Each structure stands twice: as C-alpha cells, then as structure tokens.
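A structural walkthrough
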Amino acid sequence: MILAAKPSFVFAQQDNVWRNLAEVSYKISEDEFGELYVPVFSENIQKLEGKMVEADGYIIPFEGMFKPDHIILSSLPLAECFFCGSGGPETVMEVMLSNPIKYTSKRVKVRGKLTLNSKDPEKLMYILQDASLVE
C-alpha cells in the first residue's frame, strides 16, 4: 500500500507571493511629463491577476497619514521599503480593505484579489481589491 502525502498549501503562489511579484521588468515609455518606467509583468505574475492571494508585510503610512481601509503594504520593514530605503517598486502594493483595520508596526497578512496596474502612474503596480486581514 502506497500513501501519498497531501500538500498543506493548495496554491503554490500562497507560499510567498512576493517572490512571484519580483518577476517584473520595466520598459521606458513617455507621457506628457517625460520618460517613465512601465512594468512588464512575467507570465507567472499575469497568471495571478484576478486571483485571491495572500501577502504579508508591513503597513506603510502614506501622505503623512494612515487610512484604515486603504493601506500600502511593504514586504520590507519601513526603513528598507521602496519609499524610504532600498526596496524596489515590486516590494509594495496598495491594499483596498473591505473592513478598516488599526495601524500596527508589526507584520500583518492580508488576502484579496490581485489587480495589475501598468497604465496609471498615480497608483502602485500591484493592488489588492476586496481585501481582508488574515488573523
């Protein structure tokens, strides 16, 4: 009799979504303000679009405030994040929460539907919609 072990995670991308999101490259484009870098998403990233994913990281306050239903999540701590340190734009995502959360400096995990953004330079390239805090 042969016993097969069942995997503990159904979706491989749940193990570390940040690793998959790092598979992005950039092309130089132009708009009315000049040159800008436009993300080119790998096939692995494109497969995640519209899917429910989990990401863990640190809440980064933006525009000098904290919005409990619209946060920036960084895979890196504040001192190393894209806005303050050495991380690249692939290390942060916008998270649109269904229910507001309280700010914490501790690591949090969220789950939501991934949207890819390569068109709106006012938004981050990764956006989680209809997201919730994972306890």
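The model shown is predicted, which means the values in this text are computed figures rather than measured ones. (Residues numbered from 1 in each chain as written. Predicted model: local features only at pLDDT ≥ 70, side-chain atom pairs only at ≥ 80, totals over all residues. Heavy atoms only, no water.)

Topic: the environment of arginine 107
This is how it is decided: Strands are runs of DSSP state E lasting at least 2 residues, helices are runs of H or I lasting at least 4, and numbering of each runs from the N terminus. Within 3.5 Å is the distance limit for a polar contact, defined as a pair of N or O atoms, with the added protein rule that one can donate a hydrogen and the other accept it, and that residues adjacent in sequence qualify only through two side-chain atoms.
Residue placement: arginine 107 occurs in the loop between β5 (92–97) and β6 (108–116). In sequence terms arginine 107 and isoleucine 59 are 48 residues apart; their C-alpha atoms lie 7.7 Å from each other. In this structure the side chain of arginine 107 is engaged in a polar contact, spanning 2.9 Å, whose partner is the side chain of aspartate 56. Reaching out from arginine 107, the side chain makes a polar contact with the side chain of tyrosine 58 at a distance of 3.3 Å.

What about the packing of aromatic side chains?
What counts here: Note on aromatic pairs: the rings of Phe, Tyr and Trp (six-membered ring only in Trp) are paired at centre separations within 6.5 Å, and the planes decide the class, stacked below 30 degrees, edge-to-face beyond 60, tilted for the rest. Any residue under 20% of the maximum accessible area for its type is buried, any over 50% is exposed, and the rest in between are partly exposed; the area is computed with a 1.4 Å probe on protein chains only.
Enumeration over the complete set of coordinates arrives at one aromatic pair. With centroids separated by 5.8 Å and ring planes inclined at 45 degrees, the aromatic side chains of phenylalanine 41 and tyrosine 126 adopt a geometry described as tilted. Here the residue phenylalanine 41 occupies a position in strand β2 (residues 34–41), and tyrosine 126 occupies one in strand β7 (residues 126–133), the gap between them amounting to 85 residues. Comparing phenylalanine 41 with tyrosine 126, the two get one shared label, buried.

Comments concerning the environment of phenylalanine 41
Under the convention used in this document: Whether two residues are in contact is decided by their heavy atoms: any pair within 4.5 Å suffices.
Residue class for phenylalanine 41 comes out buried when judged on its relative accessible area of 11%. Sequence separation between phenylalanine 41 and tyrosine 26 is 15 residues; the distance between their C-alpha atoms is 8.4 Å. Apart from the residues lying within four places of it in its own chain, the contact partners of phenylalanine 41 are Glu23, Val24, Gln46, Leu116, Asn117, Ser118, Met125 and Tyr126.

Considerations on the sheet that holds β6
Rules: The rule for pairing is simple: two strands pair if DSSP sees at least two bridges between them. As a rule, the C-alpha atoms of each element are fitted with a line to give its axis, helices using only the stretch in contact, and angles between N-to-C directions run from 0 to 180 degrees.
If you trace the five strands once around the closed barrel, you get β3-β4-β5-β7-β6, paired in mixed fashion. For this sheet the average axis-to-axis angle between neighbouring strands, irrespective of direction, equals 55 degrees. Where strand β3 (residues 52–60) lies against β6, six bridges are found, and the strand directions are antiparallel. Within the sheet, the bridge partner assigned to valine 53 lies in β6 and is glycine 112.

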